[in-house]
Amino acid sequence: METTRATADAPPAARPVPLETPVCAMFGLAHPVFAFSHSVPVAAAVSRCGGLGTYGATRRTPQEIRDELAQLRELAGDAPIGVNLVLPPGMPEDDDPGAIERELPERHKAFVRGLYDKYRVPPPKRRGMRTRFLRSNEVARAQMDAVVESDVELVACGIGAPADFVERCKRRGKRIVALCGSPKHARRALDAGADLLVAQGHDSAAHTGPIGTFSLVPQVVEVAGRVPVLAAGGVMTGRHVAAGLALGAQGAWTGSLWLASEEYAIHPILLRKLIAAGSDDTVVTRSESGKTFRQLRSAWSDEWAAPEAPRPLAMPYQDVLVGDLLGAIDDHEIEPLMHYAVGQGVAWIRERRTVAELYAALVEETWAALDALRTIGGRAR
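Conventions used here
Residues numbered from 1 in each chain as written. Predicted model: local features only at pLDDT ≥ 70, side-chain atom pairs only at ≥ 80, totals over all residues. Heavy atoms only, no water. Helix = DSSP H or I, 4+ residues; strand = E, 2+ residues; numbered from the N terminus. Buried < 20%, exposed > 50% of the residue type's maximum accessible area, 1.4 Å probe, protein only. Contact = heavy atoms within 4.5 Å. Pairing = 2+ DSSP bridges. Axes fitted to C-alpha atoms, helices over the stretch in contact; angles between N-to-C directions. Right-handed = clockwise from strand over helix to strand, strands pointing away. Polar contact = N/O pair within 3.5 Å; in protein donor to acceptor, adjacent residues only side chain to side chain. Salt bridge = Lys/Arg side-chain N within 4 Å of Asp/Glu carboxyl O.

**Q** I'm lost on the environment of Glu-262 in this one. Help?
**A** Along the polypeptide, Glu-262 turns up in the loop between strand E9 (251-254) and helix H12 (268-276). Glu-262 gets classed as partly exposed once you look at its relative accessible area, which sits at 46%. Expressed as a C-alpha distance, the spacing of Glu-262 and Thr-354, which sit 92 residues apart in the sequence, is 5.1 Å. When near neighbours in sequence (up to four residues on either side) are disregarded, Glu-262 contacts Arg-352, Arg-353 and Thr-354.

This is the structure in structure tokens:
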């Protein structure tokens, strides 16, 4: 991932009017806006605006994590920053993709070869994002070491939060946020020592559970007690942030909101697809990683949903099965198969804007929504 000097030297944008909730005091934030992004510049820009940007590092090598978190710190300055890892239990011990490849069923390999042929996908130029290393305990331990050594203030755990990792992070003064798709996930996260919970509803991008945001957030708030909760899943406007606050959350965890930003620099084909899409143009599939994964509907998801298609394999077998093909699809720009993880809030992606513009609009809309609620409450009384 490249970070240009021009971006690093850009003057910080003027901050919107502060909107403080109790969670803001934990990090010295001007607004309870948390952003997850696979882009270092996006995460840094959100932090500079007064929120907290969290870099998604799950698919990065330990050395890449060290280098990119250093870039994130340089861009964000003294503003708080975070990093996210997905650490699912039950993964293989060793980083040995070949061992997994030898166990792949022939029917599944034949199906993947058929996709190469049907869509005339040239051979991969390199190992895909999901196959450049195996999701394994060996890699996870090295990734966790890199995170513990870093100076990030927030560590987000997607699937799983190993107790020793949580303890090491806390000894270094880092706060732990756990993403939860159900009340039982929230209870486990609290037992593991989470400092914050993200109630991530079904509307969310990528790995998502079956409970909708509107139902999930107040349930997690009840379980959490005094532990702050952030609302996630379809949070794209200030009205969504205000709704989360009304449900008892202390802030918002955002992701899809930033995909069309200038700083994210998504591929033009994918940008066009995102702008054209509505909420019913996303689909939850296991064909990406073996776990439920919301993404733009495409020929990819349609092929895997066809009656003759094999059932996707469990993680990390599905990663190894399709990883190189997914990389080849993007590298060779096979448009029908190109897709991206995005939540149902994709309906609000309408144009390319800067992070600062998106952020300012989000805060201003939140204030407007809260003012409107106060007006309604005043009339009711």
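**Q** Before we go on, may I ask you to explain unusual backbone geometry in this structure?
**A** Phi is mostly negative for residues that are not glycine, and the peptide bonds are mostly trans. In the segment running from Met-315 into Pro-316, the intervening peptide bond is cis, with an omega of 5°. Relative to the helices and strands, Pro-316 resides in the loop between helix H13 (299-305) and helix H14 (317-331). The phi dihedral of Ala-206 is positive, around 55°, even though this residue is not glycine. Among the structural elements, Ala-206 can be located in strand E7 (residues 206-207). In this model, Ala-265 sits at a positive phi of 55°, which is unusual for a non-glycine residue. Among the structural elements, Ala-265 can be located in the loop between E9 and H12.

**Q** Would you explain the sheet that holds strand E4 (residues 154-157) in this entry?
**A** By way of backbone hydrogen bonds, the strands of a sheet pair with one another, either parallel or antiparallel. Taking strand neighbours around the barrel as the criterion, the eight strands line up as E1-E2-E3-E4-E5-E6-E8-E9 in a closed arrangement whose pairing is parallel. On average, adjacent strands in this sheet sit at an angle of 25° to one another, irrespective of strand direction.

**Q** Would you take a moment to explain the pairing of strand E2 (residues 52-56) for this structure?
**A** On a regular strand, one side chain projects to one face of the sheet and the next to the other, so that they alternate. In terms of burial, E2 is largely enclosed, as five of its five residues are buried. Both faces of E2 are covered, namely the face carrying Leu-52, Thr-54 and Gly-56 and the face carrying Gly-53 and Tyr-55. Of the strand pairs in this sheet, strand E1 (residues 33-37) and E2 are connected by four bridges, and their pairing is parallel. Note that in E2 the partner of Phe-36 across the bridge is Thr-54. Note that the unit made of E1, helix H3 (residues 40-49) and E2 has a crossover that is right-handed. Relative to strand E3 (residues 81-85), E2 runs parallel, the two sharing four bridges. The residue of E3 that forms the bridge with Gly-56 is Asn-84. Tracing the backbone out of E2, into helix H4 (residues 62-76) and back to the parallel element E3 gives a crossover that is right-handed.

**Q** What exactly am I supposed to notice about the side chain of Thr-208 here?
**A** Structurally, the position occupied by Thr-208 is in the loop between E7 and helix H10 (213-224). Looking at Thr-208, the relative accessible area reads 7%, which means it is buried. At a separation of 3.2 Å, a polar atom in the side chain of Thr-208 contacts the main-chain carbonyl oxygen of His-202. Look past the residues within four positions of Thr-208 in its chain and what remains in contact with it is Gln-200, Gly-201, His-202, Asp-203, Val-284, Thr-292 and Arg-294.

**Q** Please explain the sheet that holds strand E10 (residues 282-285) as it appears in this structure.
**A** Taken in spatial order, the three strands make up an open sheet running E7-E11-E10, and their pairing is antiparallel. Looking at which strands have only one partner, the edges of the open sheet turn out to be E7 and E10. Note that E7 and strand E11 (residues 293-296) share two bridges and pair antiparallel. Paired with Ala-206 across the strands is Arg-294, a residue of E11.

**Q** Got a minute to help me understand the environment of Pro-80 in this structure?
**A** Tracing the chain through its elements places Pro-80 in the loop between H4 and E3. Separated by 37 residues in sequence, Pro-80 and Asp-117 place their C-alpha atoms 48 Å apart. Not counting chain neighbours up to four residues away, the residues in contact with Pro-80 comprise Phe-27, Leu-29, Ser-47, Gly-51, Leu-52, Gly-53 and Glu-153.

**Q** Just checking my understanding: could you explain the side chain of Gln-143 for this structure?
**A** Counting through the fold element by element, Gln-143 comes out in helix H7 (residues 137-149). In this structure Gln-143 comes out as buried when scored by relative accessible area, which is 4%. Within the structure, the side chain of Gln-143 is placed 2.8 Å from the backbone oxygen of Thr-58, a separation counted as a polar contact. Residues contacting Gln-143, with those up to four places away along its chain left out, are Ala-57, Thr-58, Arg-60, Pro-62, Ile-65, Leu-85 and Phe-133.

**Q** Which parts of the structure should I look at to understand the pattern of salt bridges?
**A** Between side chains of opposite charge, a pair can form as their charged atoms come close. According to the stated counting rule, one finds 22 salt bridges in the structure shown. The partner of Glu-64 in a salt bridge is Arg-132, and the shortest N-O contact between them spans 2.6 Å. Of this pair, Glu-64 sits in helix H4 while Arg-132 sits in the loop between helix H6 (106-118) and H7; the two residues are 68 residues apart in sequence, bridging distant segments of the chain. Glu-167 serves as the salt-bridge partner of Arg-171, at 3.1 Å between the closest nitrogen and oxygen.

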